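Read off the chains here:
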Amino acid sequence: MFSHNRRKLLQASGALVATGALSATTPAQAAAPRVVVIGGGFAGATVAKYVRMWNPAIQVSLVEPNPGHVSCILSNLVMTGAVGMSTITLRYDNLRSKYGVNIVADRAVSIDPVSRVVLTANGSRLPYDKLVLAPGIDFDSIPGLDSAVLPHAWQAGPQTLALKAQLDSVPAGGTFVMSIPKAPYRCPPGPYERACLLADSLLRRRRAGRVIVLDANSDVVAEPHTFHTAFQTTYAGVIDYRPNSEVLSVDWAGKKVVTNWESVPFDAANIIPPQRAGKLVAAAGLLGSDPATRWAPVNPLSYESRVVPNVHVIGDSQGTGQPKSGHMANAQAKVCADALVRYFAGEQPDPAPMTSSACYSPITATTASWLTVVFGYDAASGLMKPVANTLAEAPAPTAGHYKDMFGWAKNLFADSFS
Ligand SMILES: Cc1cc2nc3c(=O)[nH]c(=O)nc-3n(C[C@H](O)[C@H](O)[C@H](O)COP(=O)(O)OP(=O)(O)OC[C@H]3O[C@@H](n4cnc5c(N)ncnc54)[C@H](O)[C@@H]3O)c2cc1C
């Protein structure tokens, strides 16, 4: 499927068609098709790797300001001290050396979709035939919340260690308040997993404190059986779960969180703000004209934007209704990479793509649960829909699942970055 000959590939290149150079240009003279990817998380790293792997004649540049990617996956275990930052820090060396991805250590600041150029903070101009945006998420501001002081740690990195410091600061018998934004947000089970691990840490440190969970949703969003059981049995008397609790503001000096119906004092806190597509998605006009739109509308056959042609959006920024997970970002990246390779060969995208998501959640220091689902393209609606009977959660957290979690994460990290 991917052994397209070079002439066919060059003839189908958008750049050549656009300049009318097709008949006058021999393959040897013509420039290779150019793909620029913005953002080197699970989505961006995977699409860059797979486009190069499936057709090395396509030039791929990956724009990412950080020297490596710090994975949110397993980051709650850095908070508890079970693993170190090195376990979740993934480098771009293999993308460069094994697959020939051009790593541009810079931040993309704007896009000119007419001239098809990306501008970077350091003043570079990167021309593209196809652009893939994978910038992750952005956060709403909450009055009084300074995330440098009270880290949300929903983007792993320095904030992960700052959250660990919050946890370590809880005095004996103290109260840790955490909040969960309205769905959809990154990693549906992630906040409930964090609540369990906060409670587990307090118990193991014999601090007999409390974890108050303020959930803006009306019920547990993911793995309700697992988390209700954990809250009511394993962590009875420690976790105090309060649904329909939307954080309106934070009073840092007075150490209080104000919700839609109460004011909650804290010793330490973790407020996770409401989320939307990464900043550049909105700045590039990819959300369309409705200001209420938070995630980029795309065609799930190729992840091409429904608003701006030749720009594709994958990972947490896209708005197809599929869960926002690293596993899903990796799956979408492969569908997108396949569509790009086919596009440059003058072919249509796969008419029936499938994706999947898996999340492992540590529930205690030695047990974990899991959640999985498969999505398929529904031609009648043009949407990705869950495949019947594939949505499943582990019957109970076990030590075996805890061990499997590391194997699953290792595979996902390798498939995306190595
Ligand atoms: C606590 C927690 C636990 C989780 N557990 C799981 C799990 O068990 N399973 C699972 O599948 N998922 C899990 N996730 C979710 C997963 O981490 C995200 O869904 C995934 O990281 C999304 O990948 P992404 O590539 O879209 O975004 P990101 O990983 O956020 O990557 C975006 C990248 O874009 C870069 N970027 C942004 N703007 C620009 C710009 N202008 N120019 C250049 N680069 C830019 C950023 O630096 C970043 O590297 C978890 C998340 C959390 C918070």
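Residues numbered from 1 in each chain as written. Predicted model: local features only at pLDDT ≥ 70, side-chain atom pairs only at ≥ 80, totals over all residues. Heavy atoms only, no water.

Draft legend 1. Region of interest: the side chain of Arg-186. Relative to the helices and strands, Arg-186 is located in the loop between β11 (175–180) and α8 (190–204). Residue contacts for Arg-186: discarding those within four places in its chain leaves Cys-72, Gly-136, Ile-137, Trp-154, Gln-155, Gln-275, Asp-316 and Lys-324. (Helix = DSSP H or I, 4+ residues; strand = E, 2+ residues; numbered from the N terminus. Contact = heavy atoms within 4.5 Å.)

Draft legend 2. How the structure looks around the sheet that holds strand β14 (residues 247–251). The sheet built from 3 strands is open, its strands ordered β14-β15-β16 with antiparallel pairing. Both edges of this open sheet fall to β14 and β16 (263–265), since each of them pairs with a single strand only. Strand-to-strand twist in this sheet, taken as the mean axis angle between neighbours without regard to direction, amounts to 20°. Where β14 and strand β15 (residues 256–259) come together, 4 bridges link them in antiparallel fashion. Considered in β15, the bridge of Val-247 is made with Thr-259. (Pairing = 2+ DSSP bridges. Axes fitted to C-alpha atoms, helices over the stretch in contact; angles between N-to-C directions.)

Draft legend 3. Structural context of the site of the ligand. Taken together, the neighbourhood of the ligand is formed by 36 residues, with Glu-64, Arg-186, Asp-316, Gly-326 and His-327 sitting nearest. Within the contact set of the ligand, an oxygen atom lies 3.4 Å away from a side-chain nitrogen or oxygen of His-69. The contact in question runs from an oxygen atom of the ligand to an N or O atom on the side chain of Gln-155, over 3.4 Å. Burial of the ligand by the protein amounts to 95% of the accessible area it has alone, namely 1,000 Å². (Near = heavy atom within 4 Å. Polar contact = N/O pair within 3.5 Å; in protein donor to acceptor, adjacent residues only side chain to side chain. Areas by Shrake-Rupley, 256 points an atom, 1.4 Å probe, with all protein chains shown as cover.)

Draft legend 4. Representation of the packing of aromatic side chains within the structure. One pass over the full model with this rule turns up 11 aromatic pairs. Relative to Trp-54, the ring of Tyr-50 has its centre 5.1 Å away and its plane inclined at 70°; by these criteria the two rings are edge-to-face. Taken as a pair, Tyr-50 and Trp-54 lie in helix α3 (residues 42–54) at a separation of 4 residues, close to a single helical turn. By relative accessible area, Tyr-50 is classed as buried at 9%. Measuring from centroid to centroid gives 5.4 Å for Tyr-402 and Phe-406, while their planes differ by 70°, and the two rings are edge-to-face. (Phe/Tyr/Trp six-rings, centres within 6.5 Å; stacked < 30°, edge-to-face > 60°. Buried < 20%, exposed > 50% of the residue type's maximum accessible area, 1.4 Å probe, protein only.)

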